[in-house]
Each structure stands twice: as structure tokens, then as C-alpha cells.
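Survey of secondary and tertiary structure
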Amino acid sequence: MPRTRTRTVSTASPPAPAAVPDRVGKLPSRHRARAGTSWRDRPLRVLTPWLFLLAPLALLITFTYVPVGNMIYYSFTDWDGVSPDRAFVGTENYTEIFTRPELLRVFAVSFYYLAASVVQIVVALYFAAVLSFDLRFRNLFKGILFFPYLINGVAIGFVFLYFFQDGGTLDSVLSWFGVGTDHAWLGSPESANTSMAGVSVWRFTGLNFVLFLGAIQSIPGELYEAAQLDGASRWQQFRHIIAPGIRPVLSLSVILAVSGSLSVFEIPYIMTGGATETSTFVIQTVKFAFQFNKTGLASACAVVLLAMILVITWIQRRLVPDEKVDLV
């Protein structure tokens, strides 16, 4: 008799399929919700970035915004910088600034340094463009151009004070070439301001040079290779590749040039002390505060200078807005 086989059918439900990881190796969202952190940990994660920013923000507020607020408050008082009494005088300090001719005359000195800033930007841009190509001893020239910026401004003022004095270094060098001069380089307003503006060119060209060189080196090298294959000259590479690529840095240099020409202090203060009509707005402000004990008026001058720089920067940003440069 043949043996019959009986098949037993299981009535148990099949096991639940395992969770399949997604492409990045994580569990799906419904499984992540089960294994995630509780709702009590979420506020802590939100506050964590602010906890790291707490110390920098405290330092920024303490050493930047609080002093600026105090300066604005002092500008409406007649404080002498020593006495605890501060009488509120309203806008009297600001009225004095815009009605005294000698205070407005110092802005004419800033035009010498503004013209010098244009020269240093042009010179720095030229050397940055030339030294961005493969040349011999280019690292040596980079160091030579940037070295003056590393020297302290007070030391530069003393060095060039002896350089421009009567019978000093400049007169000695000119005498080697048979050029005799009895001209006092720091004796007249035009000669003194021109000489000190030339010193600023020598000192700050290195800063603009480094900014331009860094911007040029950030341009992809494939663009230069493609331009060379197309037969583009160095001038065409500068016009169509370098100039558009460094536009944001050039805009920054213009802002620094304008603000720097309005706030010149070290070089004229060391070399002439503001004599022979070489006083700048910052030198005049320092004299008000520490020589004439008019801290309220000096604070008003500082507020006016800050407002001028902010307005000029805003106008420059409106006229030449930053545009995203896509060279690739």
C-alpha cells in the first residue's frame, strides 16, 4: 500500500520585513522617529550654536558697541575727560564742527592721501598681475613689496622724518647726481603733504598687492591655459580673466582707500605734528581730547568721521554693487 505524504500548512503570520536602509545608510524616517532623541533634547540643540557664540558676542558688545554708544553720548556733553560732571549741551558740539573753518579745512589734506591711494592701487594691481605669472625671482619681489607694510607706522614716520629733513638722506642722494637743492621738503604745505602721501604709497602698496595677488591666484588655472591655447596675450588675459575675477577685492580696496585717506594719523603726526597745514581730521580730534581737554567736542568729531565713512561706503556699494562672478 503506497504511503501518502501529508503537507502541514503553517497558519502563523510571516515575520515582519526588516527595515531597509536608504541610500545614505540611514533608516527610513518612521524608524528614525522611534530611535531618535526625545523632545527634551531639541531645545538644547537649538541653543548650542548660541552658547558657542556667547563669548565672542560678549567681547564684541563690550569692546565695540558699548564704547561707540558712550562716544555718541559724550558728543552731546561738554565733558573734559577728567571731571565726573558732564553737562548736556545738545548739538552744540556738532554746530561748532560745521561752523569753524579750521575744522573743515583739514579735509583738504585728505585729498593728498586719496590721490596717493589711487596710485598705490594701480601700482599694486600692476605688480600683482605681473607676478601672478611664472617669472624668475617672483617670490623675492613679493617679499620686497610686502615688507614695508610689516614695519610699525611710528618707526616709518621717524625714518622718513630724517629722510626728508634739510641735508638728510634725500638731499644727499640728489647731490650724488649733481642735483643741488635747498628746498625744505616739510617746510611748505604742498611739499609736506605730497611727501607724506608718497610715504603712504610706499607703506600700503604691499597690503593691496597681497589682496590682489590672492584674488588672482584664486582664479582657476584652466582659464589661463585655455586663453593661451586661443592665442590670448597677457593684456587680453588681464582684461577678460583677471579684471572680472578680482572685482570684489578691487571694490574692497576702494573702500579701504577712502576710509584710510579720511583717518590718516600716524605718519603726519610723527613727521610734522600737524604743523604747516598738514593736520588731518584725526590729528585735530586728538588735539581736542588731550591738548585742549574737550572730550565732548572730540567725540563729536569722531562721530562725524564714522558717519562720513559709513555714508561713503554705502554710496560706493550702491554705485558698484557686488555681483557674483562666474568665470567657469
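The structure under discussion appears in the preceding block.
Time to look at the nonpolar core. Counting 23 residues, the largest nonpolar core has Phe209, Phe212 and Ile242 as the members making the most contacts within it. Contributions of two or more residues to this core are made by α5 (107-131), α9 (189-217), α10 (221-229), α11 (234-245) and α12 (247-262). What Phe212 contacts, discounting residues up to four positions off in sequence, is Ile121, Ala124, Leu125, Ala128, Ile246, Val249, Leu250 and Ser253. Residues Met71, Tyr94, Leu103 and Val106 belong to the second largest nonpolar core, which totals 18 residues.

Bringing α9 into the picture now. Between its first and last C-alpha, α9 extends 41 Å over 29 residues, near the 42 Å set by a 1.5 Å rise per residue. Where α9 bends most, at Phe204, the angle is about 40 degrees.

Turning our eyes to something else, we now look at the packing of α9 against α12. Remark: α9 packs on α12, axes separated minimally by 10 Å, with the N-to-C direction vectors making an angle of 165 degrees. It follows from the interaxial angle that α9 and α12 lie roughly antiparallel. Like other packed secondary-structure pairs, α9 and α12 cross with a definite hand, here right-handed. Between α9 and α12, the contacting residues are Asn208, Leu211, Phe212 and Ala215 on the first element and Val249, Leu250, Ser253 and Leu256 on the second. By residue class, the composition of the contact of α9 with α12 is six nonpolar, two polar and no charged.

Under the counting rule described, the total for this entry stands at two salt bridges. Put simply, Glu96 and Arg100 hold a salt bridge, and the shortest N to O gap is 2.7 Å. The partly exposed category is assigned to Glu96, whose relative accessible area is 24%. Owing to a relative accessible area of 22%, Arg100 belongs among the partly exposed residues under this scheme. The partner of Arg203 in a salt bridge is Glu266, with the nearest N and O atoms 2.7 Å apart. Taken together, the residues span a long stretch of sequence, with Arg203 in helix α9 and Glu266 in helix α13 (residues 266-271) at a distance of 63 residues.

Criteria and cut-off values
- The residue numbers shown here count from 1 along each chain, following its written sequence.
- The model is predicted, so local features are restricted to residues of pLDDT at least 70 and side-chain atom pairs to those at 80 or more, both for listing and for counting; the totals for chains, interfaces and linings are taken over all residues.
- Each side-chain value is derived from all of the structure's non-hydrogen atoms; neither hydrogens nor water enter the calculation.
- Residues belong to one nonpolar core when they are buried, are Ala, Val, Leu, Ile, Met, Phe, Trp, Tyr or Cys, and are joined through side-chain atoms within 4.5 Å.
- Each residue is placed in one exposure class: buried if its accessible area under a 1.4 Å probe, protein chains only, is under 20% of its type's maximum, exposed if it is over 50%, and partly exposed if it falls in between.
- Under the DSSP-based scheme used, a helix requires at least four consecutive residues in state H or I and a strand at least two consecutive residues in state E, with every element numbered from the N terminus.
- Here a residue-residue contact requires only that any non-hydrogen atoms of the pair lie within 4.5 Å.
- Given a helix with a known number of residues, its expected span is that number minus one, times 1.5 Å.
- Bend, at a single residue, is the angle you get between axes fitted to the 7 residues ending at that residue and the 7 residues starting at it.
- Axes, fitted as lines to C-alpha atoms, cover a helix only where it is in contact. Angles between the N-to-C directions of the axes lie from 0 to 180 degrees.
- An angle counts as roughly parallel when it lies under 35 degrees, as roughly antiparallel when it exceeds 145, as roughly perpendicular when it falls between 65 and 115, and as oblique in every other case.
- Should the near helix be turned anticlockwise from the far one by less than a right angle, the crossing is termed left-handed; should it be turned clockwise, right-handed.
- For this scheme, ten residues count as nonpolar: Ala, Val, Leu, Ile, Met, Phe, Trp, Tyr, Cys and Pro. Four count as charged, namely Asp, Glu, Lys and Arg, and the remainder, Gly too, count as polar.
- Put simply, a salt bridge is a Lys or Arg side-chain nitrogen that is within 4 Å of an Asp or Glu carboxyl oxygen.

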